[in-house]
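Listed below are the residues making up each chain.
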Protein chains: 2
Amino acid sequence: MRKNFGKKTWLFPCPVLIVATYGADGKPNAMNAAWGGIYDTNQVMLCLSDDHATTRNILRTKAFTVNFADAPNVVAADYVGIVSGNDVPDKLDRAHLHTERSGFVDAPVITEFPVALECELAKVNEDGIIVGNIVNVSADARVLDADGNLDLGKARIISYNSAAHDYRVLGEKVGNAFSDGKKIK
Amino acid sequence: MRKNFGKKTWLFPCPVLIVATYGADGKPNAMNAAWGGIYDTNQVMLCLSDDHATTRNILRTKAFTVNFADAPNVVAADYVGIVSGNDVPDKLDRAHLHTERSGFVDAPVITEFPVALECELAKVNEDGIIVGNIVNVSADARVLDADGNLDLGKARIISYNSAAHDYRVLGEKVGNAFSDGKKIK
């Protein structure tokens, strides 16, 4: 038996994308977006309305970073989603989030979050979707394993649950991709 | 200290989208895709190459479903990603996956997976991305709470970890969206 919920903008897991940019005054800004994902090889997409300070910043600087929110910083991640940079230009300071300049694009990386995509604006497509080229992915040393690989078990990255409006942490490993299916094959 | 990984098509959490369609012979087919996400209000996007049986099916039927893979069915979910419907037309049978016809679109819903987006093809955009209108979201009764709401704690939906090629399960609730940030505000 299945229950029908009607038209819903749901996806599971849905990412919590903290999109960071520089304002015209050089001040870092960030917002929380759930609508986005991989668009194509080395490309990410964001569905952002025009009225966001972030959208204006991306169009001017042609750059942004996508920082993945984690459980230890869930309050700050949520805060940058409910307060607009138009109203509170120092929202990152208030959230006690720190930034450093990306070495690859004209945008800030947020120090507190474990992993960031550093992106150049590729284009705004026919539907107003922001498409970025991923120029570099960077990760904090604390989420690397002994071999220098990204260890998601350490990163505690969160997901937005659009059905119940809560955040859930990505948990334990339950399988191997391109491998487990061979048991059937 | 951050480590730079260069250009990577990484996103965390990345969904495991089991895209299901009907073939020209009416036989259900499905594949495993990680590149996709919410495109806009009530819309989902998929980046699929032209050579997939799924892509041809979507263009013909103008419909598909997006079923979210879960931990109990990780082997079947991985299998449909490593075997092509072009080579193995009965791949769903081999994976012991069952389907029922969507009541809303000309596509099958996979019974074993907990939640599905039932979609009409909206268009193929300028970049070859498949954009679908979400006509209905359905969920199995086993993942509902006592009030009939979707309970992600019961659903055990998985994520694809593109950095290590493994699957991780979505875990416990760690915060409330549009709420926790008010502690700062």
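Up top is the structure.
Conventions we followed
Residues numbered from 1 in each chain as written. Chains lettered and ligands numbered in written order. Predicted model: local features only at pLDDT ≥ 70, side-chain atom pairs only at ≥ 80, totals over all residues. Heavy atoms only, no water. Pairing = 2+ DSSP bridges. Helix = DSSP H or I, 4+ residues; strand = E, 2+ residues; numbered from the N terminus. Contact = heavy atoms within 4.5 Å. Axes fitted to C-alpha atoms, helices over the stretch in contact; angles between N-to-C directions. Least-squares fit on C-alpha atoms with pLDDT ≥ 70 in both. Polar contact = N/O pair within 3.5 Å; in protein donor to acceptor, adjacent residues only side chain to side chain. Salt bridge = Lys/Arg side-chain N within 4 Å of Asp/Glu carboxyl O. Buried < 20%, exposed > 50% of the residue type's maximum accessible area, 1.4 Å probe, protein only. Buried area = accessible area lost by both parts, 1.4 Å probe. Nonpolar A, V, L, I, M, F, W, Y, C, P; charged D, E, K, R; others polar.

Here we come to the sheet that holds strand β12 (residues 158-161) of chain B. Strands sit in the order β2(A)-β12(A)-β13(A)-β13(B)-β12(B)-β2(B) across an open sheet of six strands; the sheet is antiparallel. A strand with exactly one partner marks an edge of an open sheet, and here the two such strands are β2 (14-15) of chain A together with β2 (14-15) of chain B. Helix-sheet contacts for helix α2 (residues 74-82) of chain B involve β13 (166-176) of chain A together with β12 and β13 (166-176) of chain B, and the interaxial angle to β13(A) is about 75°.

All right, on to the relation of the copies chain A and chain B then. Two chain copies here: they are related by a rotation about an axis and a translation along the same axis. Expressed as a screw operation, the relation of chain A to chain B combines 0.0 Å of axial shift with a rotation of 180°, fitting to an RMSD of 0.0 Å. Here the transformation between the copies is reduced to the relation of a two-fold axis. The share of interface residues of chain A whose copies in chain B are also at the interface is 100%, consistent with both copies meeting through the same surface.

Turning our attention to the side chain of Asn67(A). Residue and element names in this part refer to chain A. Take Asn67: it is sitting in strand β7 (residues 63-68). At 2.9 Å, the side chain of Asn67 forms a polar contact with the side chain of Thr65. Reaching out from Asn67, the side chain makes a polar contact with the backbone nitrogen of Ile110 at a distance of 3.1 Å. Among residues more than four places away in sequence, those in contact with Asn67 are Val16, Leu17, Ile18, Ala20, Val109, Ile110, Phe113, Val115 and Ala116.

Looking now at the environment of Gly181(A). For Gly181(A), the location among the structural elements is in the segment after β13. When neighbours within four sequence positions are excluded, Gly181(A) is seen to be in contact with Val75(B), Asp78(B), Tyr79(B) and Ile82(B).

On to the pattern of salt bridges, then. For the structure on display, the rule yields 18 salt bridges over all chains. Lys27(A) is the salt-bridge partner of Asp93(A), the closest N and O atoms lying 3.9 Å from each other. In this pair, Asp93(A) sits in helix α3 (residues 91-94) while Lys27(A) sits in the loop between β3 (17-22) and β4 (28-33), placing the two residues 66 residues apart along the sequence. For Asp93(A), a relative accessible area of 49% puts it in the partly exposed group. Lys27(A) sits in the partly exposed class, given a relative accessible area of 32%. A salt bridge links Arg156(A) to Glu172(B); the shortest N-O distance between them is 3.5 Å. Of the two residues, Arg156(A) sits in the loop between α4 (152-155) and β12 (158-161) while Glu172(B) sits in strand β13, which places them in two different chains. Its relative accessible area of 36% is what places Arg156(A) among the partly exposed residues. Among the ionic contacts, a cluster of salt bridges with common partners joins Asp70(A), Asp140(A) and Arg142(A).

Now for the interface of chain A and chain B. Tallying the contact residues gives 96 residues for chain A and 96 residues for chain B. For the pair chain A and chain B, the two sides together bury roughly 8,400 Å², of which 61% comes from carbon and sulfur. The tally of links between chain A and chain B comes to six salt bridges. In terms of residue count, the dominant contributor to the side of chain A that touches chain B is β13(A) (11 residues). The class makeup of the residues in the side of chain A that touches chain B is 52 nonpolar, 21 polar and 23 charged. Where strand β11 (residues 130-140) of chain A lies against strand β1 (residues 2-4) of chain B, three bridges are found, and the strand directions are antiparallel. Of the residues in β1(B), the one forming a bridge with Ala139(A) is Lys3(B).

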